[in-house]
Amino acid sequence: MRRLLLGLLVFANLCPVAASAAEPASTAFVHVNVVPMDRERVLRDQTVIVEGDRIVAIGPHLAVPANARTIDGHGTAYLSPGLADMHTHSETRNDLGVYVAQGVTTVLQMGGARSGFLDSTVPAANKGAIPAPHVYAAFLVDGTPDYNGFLIKTPAEARAIVGLAKTNGYDFIKVYVGLAPDVFDALAEEGHRLGLPLVGHGVTSVRLEHQLAAGQVLVAHAEEFFYTYFTPRGVEETDTPPDIKRIPDAIALARKYHATVTADLATYAAIGHQIQHPDVVAGFLARPESAYLSPNDRLAWQRSDYVNKTAKLDAKLAFLRSMVKAMADANVELVTGTDAPAVPGMLPGFSLHDDLDELEASGLTRFQALSAATRNPGAFIARTKGGEPFGIVAAGDRADLVLSSENPLDNLSTLRTPLGVMAHGQWWDGQGLRQIADGVRDSYRRASAMPPAQ
């Protein structure tokens, strides 16, 4: 009963801010400075016309369609692509609402979601029935039960599970560390045949180079290079990072197979900071934005085992920062990802901005950092899945847009407080975004105040 009441509260709070059937067919952004992200430039004082959920025209002196909704940037606001978090574990409508309120218009759910998320929440999100980013989803498989993946042991099971994932609407297969080599190869072959490419971790018995050669398209964490590339087979991982002279080898590997790498520096930093420091997790939960974390996730953060580990990750984090910067300079396709909310400190939506900050602090230019959250995810999806283009502000692309008061190429933090967000052709101004976020926060407060179930 308590779960049912919480679900009703969530539904009641999110529905009023979803766009209705009265949503205008056309939207015109006028007098906006466009940051298209096709290359590093700003187009001053532009008009951007959106029809339905697509950008149809951009120019300095375009006629505004009759009956179009007009959003005036007054020559001072900046219009840039919506952001993408390419490694999440969110599976609730509340989390999806928080993402939108933070300017995140695309997410890749990286495994562990219940079937109801794929059956009902994702379709509602992707047709604009609820405030949400566009959701892509990966089906998580493993060869051991240690990490809660769907367990497969034989090549026949691997081929069957790819078909099942396709039937159930998944976009990718996520591989985890315990798969056997013949099972991995079967997944790669069947995934290629059915159009579900492999993404995920380094597989201990397979090794990253073979995985990429077999067609894995995304390395789910930059640190996977530690485990199944830099460290020799059978050698125990230590806290000592590889020789920095090996970074070009990792770059060459990624470029050889056109692999995409998730630059999850904020996540790795959060893990490193909380090891042996329970006060760090308490600090995460004391932040004002933790009001948008579900009660279940608050408990999970408090019970997380990261704090009990003994690894010292500072030196390896410094190595990762150098490697990610070198990859960006070498045009390895980097994408942002956070693991939110599975890792304590990684709050849906907010942590994406933390990752952008970490990228900039690691020496990436703001254009490189923002590319990892916009144009690169769009290019990755276009190459691996096709479908609607997104990630830049261009005619024909999905109208996933963020309006900000400053140029994000001058100040990335302006994206933390958007003036408005468009996703699925729906527009939420600042007040609408606050209403989404407030509805999530208030539903959690009411849920926490409910009496225990009898």
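Preceding this section is the structure that the text describes.
Residues numbered from 1 in each chain as written. Predicted model: local features only at pLDDT ≥ 70, side-chain atom pairs only at ≥ 80, totals over all residues. Heavy atoms only, no water.

Owing to its 3.6 residues per turn, the α-helix aligns residues three or four sequence positions apart on the same side. Turning to helix H10 (residues 278–286), its buried residues number three or more, namely Val 281, Phe 284 and Leu 285. Down the axis of H10, the sector holding all buried residues measures 95°, keeping them to one side. What points out from H10, more than 90 degrees from its buried face, is the exposed set Asp 279 and Ala 286. (Buried < 20%, exposed > 50% of the residue type's maximum accessible area, 1.4 Å probe, protein only. Helix = DSSP H or I, 4+ residues; strand = E, 2+ residues; numbered from the N terminus. Arc of directions from axis to C-beta.)

This next bit is on the environment of Ile 251. Along the chain, Ile 251 turns up in helix H8 (residues 247–256). Taking the C-alpha atoms as reference points, Ile 251 and Phe 172, 79 residues apart in sequence, are found 24 Å from one another. If we ignore the near neighbours within four places in the chain, the residues touching Ile 251 are Ala 326, Met 327, Ala 330 and Val 332. (Contact = heavy atoms within 4.5 Å.)

Turning our attention to the pattern of salt bridges. Summed over all chains, the structure comprises 20 salt bridges. Of the charged contacts in the structure, one is a salt bridge between Arg 114 and Glu 91, with a shortest N-O distance of 3.0 Å. Placement of Arg 114 in the loop between strand S7 (104–109) and helix H3 (115–126) and of Glu 91 in the loop between strand S6 (83–88) and helix H2 (93–101) is noted, with a sequence separation of 23 residues between them. Residue class for Arg 114 comes out exposed when judged on its relative accessible area of 53%. Across the pair Arg 441 and Asp 438 runs a salt bridge, and its minimum N-O distance is 3.4 Å. Linking Arg 441 with Asp 438, this pair stays in helix H16 (residues 430–449), spanning three residues, or about one helical turn. A single salt-bridge network, built from bridges that share partners, covers Arg 54, Glu 388, Arg 398 and Asp 400. (Salt bridge = Lys/Arg side-chain N within 4 Å of Asp/Glu carboxyl O.)

Next up on the list: the layout of surface pockets. Reported here for the largest pocket is a volume of approximately 1,600 Å³. Considering the residues around the largest pocket, the lining is formed by 44 residues, among which Tyr 147, Tyr 176, His 201, Tyr 306 and Asp 339 are closest to the centre. Contributing elements (two or more residues each) for the lining of the largest pocket: helix H7 (224–230), helix H9 (265–274) and helix H11 (295–303). Here the residues of the lining of the largest pocket sort into 18 nonpolar, 14 polar and 12 charged. (1 Å grid on protein atoms, 1.4 Å probe; cavity = no way out; pocket = protein on both sides within 12 Å on 5 of 7 lines; lining within 4 Å. Points joined across faces, edges and corners; volume = space filled by probe spheres on them. Nonpolar A, V, L, I, M, F, W, Y, C, P; charged D, E, K, R; others polar.)

This next bit is on the side chain of Thr 260. Note that Thr 260 resides in strand S13 (residues 260–262). When its relative accessible area of 0% is taken as the criterion, Thr 260 is described as buried. There is a polar contact of 2.5 Å between the side chain of Thr 260 and the side chain of Glu 333. Discounting chain neighbours no more than four positions away, the residues touching Thr 260 are Val 217, Leu 218, Val 219, Glu 333, Val 335, Phe 380 and Arg 383. (Polar contact = N/O pair within 3.5 Å; in protein donor to acceptor, adjacent residues only side chain to side chain.)

Where helix H14 (residues 366–373) meets helix H15 (residues 375–384), the closest approach of the two axes is 3 Å, and the angle between their N-to-C directions is 40°. Taken together, the axes of H14 and H15 lie oblique to each other. Contacts between H14 and H15 involve Phe 367, Ser 371, Ala 372 and Ala 373 from the first element and Arg 375, Asn 376 and Pro 377 from the second. Class assignment of the residues belonging to the contact of H14 with H15 gives a composition of four nonpolar, two polar and one charged. (Axes fitted to C-alpha atoms, helices over the stretch in contact; angles between N-to-C directions. Parallel < 35°, antiparallel > 145°, perpendicular 65-115°, else oblique.)

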